[in-house]
Amino acid sequence: MEFAEVARELLLVAPADFVRERTARQRATRGADRALATAIGKLRKPAPAAWVIDLLAHEGALDDAVALGPALREAQASADPGQIATLRRQRSQVIDALAQAGAALAEDAGHPLTPAVLDQVRATIESGMADPHAGAAIRSGLLLRALESVGFEDVDLDDALADPDAVPEAWRGSDAPPIPITAAKRARRRSRATGPSRGTDAATTAPADEPSADAEPAPDAEPPRADDAQPDDEPPLDRGAARAAETAARRASREADTALDDAEYALEAAEERRADLEHRHDDLARRHDDLERELRALERQQQDLEDEQAALTTETERLERARDDAEAVSDRARDDLDAARRARRPSD
């Protein structure tokens, strides 16, 4: 069995039960495939929002949402206000319906979602519609954390997938050629180093942070996100620094989640080891009690044998005395017989 297949199965387990199930699968696999068992042991627990997305992906419920993404991007590029409005309404309906479906799946699994997690689910679905690479990620069933679409930047997929090699392509229905997720990450790092871009539209569209003086906003263009809105007098450098700080904070949060997961795994392993030692201690204690009972039984048997031996010794001594007495009586009887015989001869 491939690691991605095992990961997809484990990522469907509720987060509260994930570590226990991962440990059980790792142990079951260790004898047949140690490399796979090692990879399973390193699998991170999904964030609650990512778990819900993986549940939806397992149900095949995200296909329509991802399919709507290219049409919406094309409408925005062509500045068709009627089509944009229609597609936006459709996008909102699809996202709301999927969020509610995900909430129902989590409820059925006994882990209802908080409003904050539900918002992360919506943001992740929206990211999959905005970016074809993110679309491939949310449909993979291997998502580990929530995604977020920020302005015109590519969606950050760093550390988002349990097995990036198992998701080699962006969504096939888009105009983007197949591209490995790892390559997408490298391209995204380069774009951040040189400034945000719009991929194939970069040659004809000015950067989002520096609009062209001749460019006109598209009719009914989507208003900027709250996190993109900046005071008019704020220099672009401050916005870039804020985004860099946000990226660093997000990475630190993911690293903290990973450290927490590792700590939980180590604690789980320690508790299992302790339980195993306690079980062995109980076995030894029971064995000790059994041996003590057996020893006491043997001591009783030994005492019985000693008592029987003493009784036999006493009986032997009594029988020996009786024998001696019988011999003495026999000797006297023979003497009497001899005397009687001698006494009878003269008369004859």
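This next bit is on helix 2 (residues 15-30). The α-helix advances 3.6 residues per turn, and as a result positions three or four apart in sequence lie on the same side. Between its first and last C-alpha, helix 2 extends 23 Å over 16 residues, near the 22 Å set by a 1.5 Å rise per residue. Taken residue by residue, helix 2 has P15, F18, V19, R22, T23, Q26 and T29 as its buried positions.

Turning next to helix 8 (residues 132-139). Most of helix 8 is tucked away, with 7 of its 8 residues classed as buried. Remark: G141 follows helix 8 within two positions and exhibits a positive phi of approximately 75 degrees.

A word on the environment of D156. If you trace the backbone, D156 turns up in the loop between helix 8 and helix 9 (181-194). It is 8.2 Å that separates the C-alpha atoms of D156 and A134, two residues lying 22 residues apart in sequence. A distance of 3.0 Å separates the side chain of D156 from the backbone nitrogen of D158, its partner in a polar contact.

Now for the nonpolar core. Ranked by size, the top nonpolar core spans 48 residues in total, and within it L43, I53, L62, I125, L142, L143 and L147 carry the most contacts. If you list the elements that add at least two residues to this core, you get helix 1 (3-10), helix 2, helix 3 (34-41), helix 4 (48-58), helix 5 (63-78), helix 6 (81-108), helix 7 (115-130) and helix 8. Considering every element that reaches this core, the biggest residue donor is helix 4, with 8 residues.

Glancing now at a positive patch on the surface. Among the surface-exposed residues, R341, R342, R344 and R345 lie close enough to one another that they form a single positively charged patch. Mapped onto the secondary structure, R345 falls in the segment after helix 10 (236-344).

With that settled, the discussion passes to a negative patch on the surface. A surface patch of negative charge is lined by D304, E306, D307 and E308. Checked against the element boundaries, D304 lands in helix 10.

Per the counting criterion, the structure on display carries 10 salt bridges. Between D331 and R334 there is a salt bridge, with its nearest N and O atoms 2.3 Å apart. Pair noted here: D331 and R334 are both in helix 10, with a separation of 3 residues, about one helical turn. When its relative accessible area of 36% is taken as the criterion, D331 is described as partly exposed. You can call R334 partly exposed: its relative accessible area is 45%.

What counts, and where the lines are drawn
Residues numbered from 1 in each chain as written. Predicted model: local features only at pLDDT ≥ 70, side-chain atom pairs only at ≥ 80, totals over all residues. Heavy atoms only, no water. Helix = DSSP H or I, 4+ residues; strand = E, 2+ residues; numbered from the N terminus. Expected span 1.5 Å × (residues − 1). Buried < 20%, exposed > 50% of the residue type's maximum accessible area, 1.4 Å probe, protein only. Polar contact = N/O pair within 3.5 Å; in protein donor to acceptor, adjacent residues only side chain to side chain. Core = buried A, V, L, I, M, F, W, Y, C linked by side-chain atoms within 4.5 Å. Patch = residues over 30% accessible without salt bridge, like charges linked within 9 Å, V, L, I, M, F, W, Y side chains within 5 Å. Areas by Shrake-Rupley, 256 points an atom, 1.4 Å probe, with all protein chains shown as cover. Salt bridge = Lys/Arg side-chain N within 4 Å of Asp/Glu carboxyl O. Lys, Arg positive; Asp, Glu negative; His and termini not counted. Charge placed at Lys NZ, Arg CZ, Asp CG, Glu CD.

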